[in-house]
Amino acid sequence: MLDGKSSVVTAVELGDRGLFVTLPKQGRRYLNYYWLRDNCPSSFSPVTRERSFDIFHLEQAPRAKAARIVDGILHVEWADEDHVTRMPLHWIETYAIGKPRPDPADLKREAWYSDHYPKVPRFAQADLLADTGQRSAWIEAMIVHGFTIVTGMPDSDEGLTQTAELMGYVRPTFFGTYFDVRTHINPTNTAYTSAALELHTDTPAEEFAPGIQFLHCRVNTVEGGQSLYSDGVAVANDFRLRDPRGFELLSTISIPFFCEHDHYDARSRQTVIELDNHGEVSGLTISQHMADIFDLDQTLLDEYYPAFCRFGRMLQEDKYMMRFLMKGGECMVFDNHRIVHGRAAYSATSGDRYLRGCYVDRGEMRSTYRALLNEGRFKS
């Protein structure tokens, strides 16, 4: 039976499929019995932090025999089980509102433009290794701005791995776990030449392209090779205002991408403009050298191709394009679903240029950020 020792007891109205309670901040609210039983605090293991109760095994639909509010805690005695749920009202007010639970990683993006380079958030690798506060500030800057620079990188393969793993696990692609950007004798990608590289996002031919890219500049003494970066969020937001129909086409219709060589044949369909759960622009998928043959209806292409080209030209407008020369010992870290990047041509015989890169998923980055902030239902 319910504990009757507490001094403040309030009755609860029982229904056939749920009950009605009066909450301190939200007033009268209906709560479904399945939801109450499934989310009973005892349903979760304090060790694994996973749900240990299996609602599939209930022989009858959960039904309350009695319920009371006792000193700010809802007590529910179940009719067909020898079990009592004790659920704090403040917890109910947080999670029973029919909306996703609060997410500290759901931060508003700040668009940036061609003059952004002096304002790019910069973090020293040694500080990131030593200070969790610096690490969380770095990841927050990544979520908000999509582009940061890590300075003081050691001239080693291990230095890149060490830095990437501060954010998440290194994520392989069909190019391998790591990739080396230098001039190759038999290149399999335009990046492995000294030619100009148009603005693009990486590996669009993968079904789920990696989210965060690390480009560690080990040495850069060549003539030319200026790095080019544009914020896809800034461009797409302006495109939405400038060309509403074009925005609709590029954000709702998927097009094919490919990457084919002797030992792989990757293919995917992606929308050029990516929207998040709020309907806001979260990024892009675009790459001229990995766009497959557009297989849309030919009459649809009458509209789609001009919109696609208008957007592509807009990405290259001076208003948006940030230009700078990478320096040895720096690592460019950027959101591969948001930031389009490229480079100017350079003279391969004028010096050395060597970048080593890898990827981490965006979900891994957000997970690390939440953990660093000590957020979550099981943390005090």
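Residues numbered from 1 in each chain as written. Predicted model: local features only at pLDDT ≥ 70, side-chain atom pairs only at ≥ 80, totals over all residues. Heavy atoms only, no water.

Counting its regular elements, the chain contains nine helices and 23 strands. Relative to the compact-globule value of 21 Å for 380 residues, the chain shows a C-alpha radius of gyration of 26 Å, a clear excess of over 25%. Judged by the C-alpha coordinates and their principal axes, the chain covers about 85 × 55 × 40 Å. Expressed as a percentage of its 380 residues, the buried residues of the chain come to 48%. Across the chain, contacts joining residues at least 24 apart in sequence account for 75% of those joining residues at least 6 apart. Taken as a whole, the chain presents about 19,100 Å² of accessible surface, with 49% of it coming from carbon and sulfur. (Helix = DSSP H or I, 4+ residues; strand = E, 2+ residues; numbered from the N terminus. Rg over C-alpha atoms; globule rule 2.2 N^0.38 Å. Buried < 20%, exposed > 50% of the residue type's maximum accessible area, 1.4 Å probe, protein only. Contact = heavy atoms within 4.5 Å. Areas by Shrake-Rupley, 256 points an atom, 1.4 Å probe, with all protein chains shown as cover.)

Tallied over the entire structure, the rule returns 25 salt bridges. A salt bridge links Asp155 to Arg218; its shortest N-O distance comes to 2.6 Å. Linking Asp155 in the loop between β9 (147-151) and α5 (157-164) with Arg218 in strand β12 (residues 212-220), this pair joins segments that are 63 residues apart in sequence. With a shortest N-O distance of 3.4 Å, Asp157 and Arg356 are connected by a salt bridge. In this pair, Asp157 is assigned in helix α5 and Arg356 in strand β23 (residues 353-360), connecting sequence segments 199 residues apart. Through salt bridges with shared partners, one network takes in Asp155, Asp157, Asp180, Arg218 and Arg356. (Salt bridge = Lys/Arg side-chain N within 4 Å of Asp/Glu carboxyl O.)

Attention now goes to the confidence of the model for the chain. This prediction gives the chain a mean pLDDT of 91; 93% of its residues lie at or above 70. Here residues 184-192 is modelled with pLDDT under 50, and outside its nearest four sequence neighbours on either side it reaches 22 contacts, counting other chains as well. (pLDDT = per-residue confidence, 0-100.)

On to the layout of surface pockets. Considering only enclosed or pocket space, the largest pocket measures out at about 670 Å³ in volume. Lining the largest pocket are 28 residues, and of these Asp106, Leu107, Arg109, Asp276 and His278 sit closest to its centre. Among the secondary structure elements, those contributing two or more residues to the lining of the largest pocket are α4 (132-145), α6 (232-242), β17 (273-275), β18 (281-284) and α9 (362-372). Per-element tally for the lining of the largest pocket: the top contributor is α9, with three residues. (1 Å grid on protein atoms, 1.4 Å probe; cavity = no way out; pocket = protein on both sides within 12 Å on 5 of 7 lines; lining within 4 Å. Points joined across faces, edges and corners; volume = space filled by probe spheres on them.)

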